[in-house]
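Remarks on the overall topology
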Amino acid sequence: MGQGQPVDAGRVAAALSGRSVVLVGMMGAGKTSVGKRLAAKLGLPFVDADAEIEAGAQLTISEIFERFGELYFRDGERKVIARLLNGGPLVLATGGGAFMNATTRQNIAKYGVSIWLKPSFDILLARVRKKSNRPLLKTADPEQTLRRLLEERTPTYALADLTIESLDGSHDTVVDAILRRLDATLGKDVAPVQEARRKVEVPLGARAYSILIGPGVLDEAGAEIARIAPGVHCAIVTDARVAPLYLDRLSASLDQAGLRSTPIVCPPGEATKGYAEFARVCDALIEARIERRDIVIALGGGVIGDLAGFCAASLRRGVRLVQLPTTLLAQVDSSVGGKTGINSRHGKNLVGAFHQPSLVLADTLCLDTLSEREFRAGYAEVVKYGLIGDRGFFEFLESNWRDAFAGGPARAEAIAVSCAAKARVVAADETERGERALLNLGHTFGHALEKLTGYDSARLVHGEGVAIGMVSAFRFSRDLGLCSGQDATRAEAHLKAVGLPTRMRDIPGFDARTEDLLAAMRQDKKVERGRLTFILARGIGQSFVARDVDEASVSAFLTREMAVWT
């Protein structure tokens, strides 16, 4: 179809097959104005979610915020959008924060097609300045607040099915662009839009990269890598457990894209992440003549991702890296953000570098080969994002974890939300000088437990250590008077419900002393000037960095925890 030809709106409406069109994006993106015009073209009713909320409450949005707070408003917003989507096909304009809620995103995916209207910051600022009824912008510096909100929300908005650049032209131009995209997408014999692959952007300026999430991504790795680095030589670093499953498929994909590859196979297990294997892999990369413009591919779980990443960071002072994670833990955590490294006899991840990948490819079908224990361990890192700063996501997981474990739609949603959450934090604090430390919730306890079990995966794997560590962090926060006992119990109950260990007594044969745990914690990489740093919580979704934690308080807490079962 030529660019100038009008789209048959009736054909688009029929292709929607009873699904709604849901417009998402920042305040000032033009969702209401565009939505009214789009609804008229499609012959569908139009509803503005904010207007619906105001009509039901007989209060303005600002008044609801002022009287009851944002949490109350978000809960009502979620319920209203669910009701509207259940009522039949329509064009729905949502509030700027609505798409941040995981349950709302799931409902939109079930009943509709989501479209992100994406104007530039300058356009947004010009539009919102015309109105004074934006409750989130009632701050000392509205411009800076808007900029922060846009940066925080962009990775989540990018989870929408379609993105439309909402330029400062006529709204009719935007409507035409939407119709063209819908016509091109809905009229083909492909999976429904809501089942399409997800793409999360990590916005780091010139070093920005994409995370592609979905089934079959592995088989398209060659084409995706060739798109960013045509003609390169690829070194595939993997382990002896993963290689039989995926190495031949990846090599074939690279070959089809005209990319030469050399495999380097490591032993499986945490012991691989040490000096000896680091030296061996680096030598193998040099022998393969991997040059600075070539690519190292990490094919495997977190151990391989960390090791291969550190080798790439070190070789020739920096070779490009592509992460192809095959475990849930690696897909939602270690493959994103650029942390690479190896273990020392003194502790975990104490030798390493920040080295961002050029691309992350997360094939969700790889998760079907994981044991139940491996999947559960990775799930602990998913829960972490809800406990850190997204209570709504935690509640989504409480309601939908069985679907995620079974490979249903909640699995892809959980992975995408986790990656988007990490992308937000990494973009704000790449080298962990502040906010990024939040991602270590549970890790100070967890890493100490791993060290004291000798990194014996038969007794404890990383995700299990994190689960025990997160529960410990919440219980410690409760004992310090920071967090309610109800939230501490709720966090533990969910992790226990999915089959994860939650107490030190759950570790087979664990008999360490309080002094042993403290000694291991003192080697934690977050220690500053000899003082312990913990990630504590004021509640679910309200974690914070606590520096200079009194060691006597930690010792007393650990002694109480151990007294329960010794």
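Everything below is about the structure shown above.
Residues numbered from 1 in each chain as written. Predicted model: local features only at pLDDT ≥ 70, side-chain atom pairs only at ≥ 80, totals over all residues. Heavy atoms only, no water.

Things to note about the sheet that holds strand β14 (residues 359-363)
- If you trace the 7 strands from one edge of the open sheet to the other, you get β6-β7-β14-β11-β10-β8-β9, paired in mixed fashion. If you trace the sheet from one side to the other, it starts and ends with β6 (198-202) and β9 (260-266), each paired once. Ignoring which end each strand starts from, the neighbouring axes of this sheet average 15 degrees apart.
- Pairing geometry for strand β10 (residues 295-300) and strand β11 (residues 320-325), over 6 bridges, is parallel. By the bridge assignment for β11, I295 is matched with R320.
- The strands that helix α10 (residues 221-228) touches are β7 (209-214), β8 (233-239), β10, β11 and β14; relative to β14, the one it contacts most, it runs at about 170 degrees. (Pairing = 2+ DSSP bridges. Helix = DSSP H or I, 4+ residues; strand = E, 2+ residues; numbered from the N terminus. Axes fitted to C-alpha atoms, helices over the stretch in contact; angles between N-to-C directions. Contact = heavy atoms within 4.5 Å.)

Quick look at the packing of aromatic side chains
- Evaluated as defined, the whole model comprises 12 aromatic pairs.
- Centre to centre, the rings of F278 and F310 are 4.6 Å apart; their planes meet at 20 degrees, and the pair counts as stacked. One end of the pair, F278, is in helix α12 (residues 275-287); the other, F310, is in helix α13 (residues 302-314), with 32 residues separating them in the sequence. For the pair shown, F278 and F310 are each scored as buried.
- Ring geometry for F393 versus F396: centroids 6.2 Å apart, planes at 15 degrees, classification stacked. With F393 and F396 both in helix α16 (residues 391-406) and 3 residues apart, this pair spans about one turn of that helix.
- Through a chain of ring-to-ring contacts, the aromatic side chains of F375, Y379, W401 and F405 assemble into a single cluster.
- Over the face of the ring belonging to F121 we find R147, whose NZ or CZ atom lies 4.0 Å from the ring centre.
- Here R538 stacks its cationic end above the ring of F544, 3.9 Å away from the centre of that ring. (Phe/Tyr/Trp six-rings, centres within 6.5 Å; stacked < 30°, edge-to-face > 60°. Buried < 20%, exposed > 50% of the residue type's maximum accessible area, 1.4 Å probe, protein only. Lys NZ or Arg CZ within 6 Å of the ring centre and 35° of its normal.)

What about the sheet that holds strand β2 (residues 46-48)?
- Taken in spatial order, the 5 strands make up an open sheet running β2-β3-β1-β4-β5, and their pairing is parallel. The open sheet has two edge strands with one neighbour each: β2 and β5 (162-164). Strand-to-strand twist of the sheet, defined as the mean angle between neighbouring strand axes without regard to direction, takes the value 25 degrees.
- Here strand β1 (residues 20-24) pairs with strand β4 (residues 112-117) via 5 bridges, running parallel.

Comments concerning the environment of E152
- By secondary structure assignment, the location of E152 is in helix α8 (residues 142-157).
- According to the relative accessible area criterion, E152 is partly exposed, its value standing at 35%.
- For the pair E152 and S314, spaced 162 residues apart in the sequence, the C-alpha separation amounts to 31 Å.

Let's talk about helix α3 (residues 49-57)
- Capping the start of α3, D48 holds a side-chain oxygen 2.9 Å from the backbone nitrogen of D50, two or three residues further along.
- A positive phi of about 55 degrees marks Q58, the residue just after α3. (Polar contact = N/O pair within 3.5 Å; in protein donor to acceptor, adjacent residues only side chain to side chain.)

Section: the side chain of E464
- Counting through the fold element by element, E464 comes out in helix α19 (residues 462-479).
- You can call E464 buried: its relative accessible area is 8%.
- Only 2.7 Å separates the side chain of E464 from the side chain of R373, close enough to count as a polar contact.
- Not counting residues within four places of it along the chain, the set of residues in contact with E464 comprises R373, A377, R459, L500 and P501.

What about helix α4 (residues 61-68)?
- Where α4 is concerned, the buried positions are I61, S62, I64 and F65. Angularly, the buried residues of α4 cover 165 degrees about the axis, an arc narrow enough to put them on a single face. Away from its buried face by more than 90 degrees, α4 exposes E66 and R67.
- Packed against the buried residues of α4 are α3 and α5 (70-86).
- One or two steps after α4, the chain reaches G69, where phi turns positive at roughly 95 degrees. (Arc of directions from axis to C-beta.)

Focus: unusual backbone geometry
- The phi dihedral of S17 is positive, around 50 degrees, even though this residue is not glycine.
- Here S17 is to be found in the loop between α1 (9-15) and β1.
- A positive phi is found at Q58, a non-glycine position, where the angle reads about 55 degrees.

What to know about the side chain of H443
- Residue position: H443 is located in helix α18 (residues 443-452).
- Owing to a relative accessible area of 5%, H443 belongs among the buried residues under this scheme.
- In terms of polar contacts, H443 uses its side chain to reach the side chain of E381, at 3.3 Å.
- When near neighbours in sequence (up to four residues on either side) are disregarded, H443 contacts E381, K384, H462, V466 and D524.

Structural notes on the pairing of β14
- Within β14, 5 of the 5 residues are buried, which leaves it mostly tucked inside the rest of the structure.
- Sheet topology note: the β7/β14 ladder contains 4 bridges and is parallel. Residue pairing across strands places L212 opposite L361, the latter belonging to β14.
- Sheet analysis places β11 next to β14, joined by 2 bridges and oriented parallel. The residue of β14 that forms the bridge with Q323 is V360.

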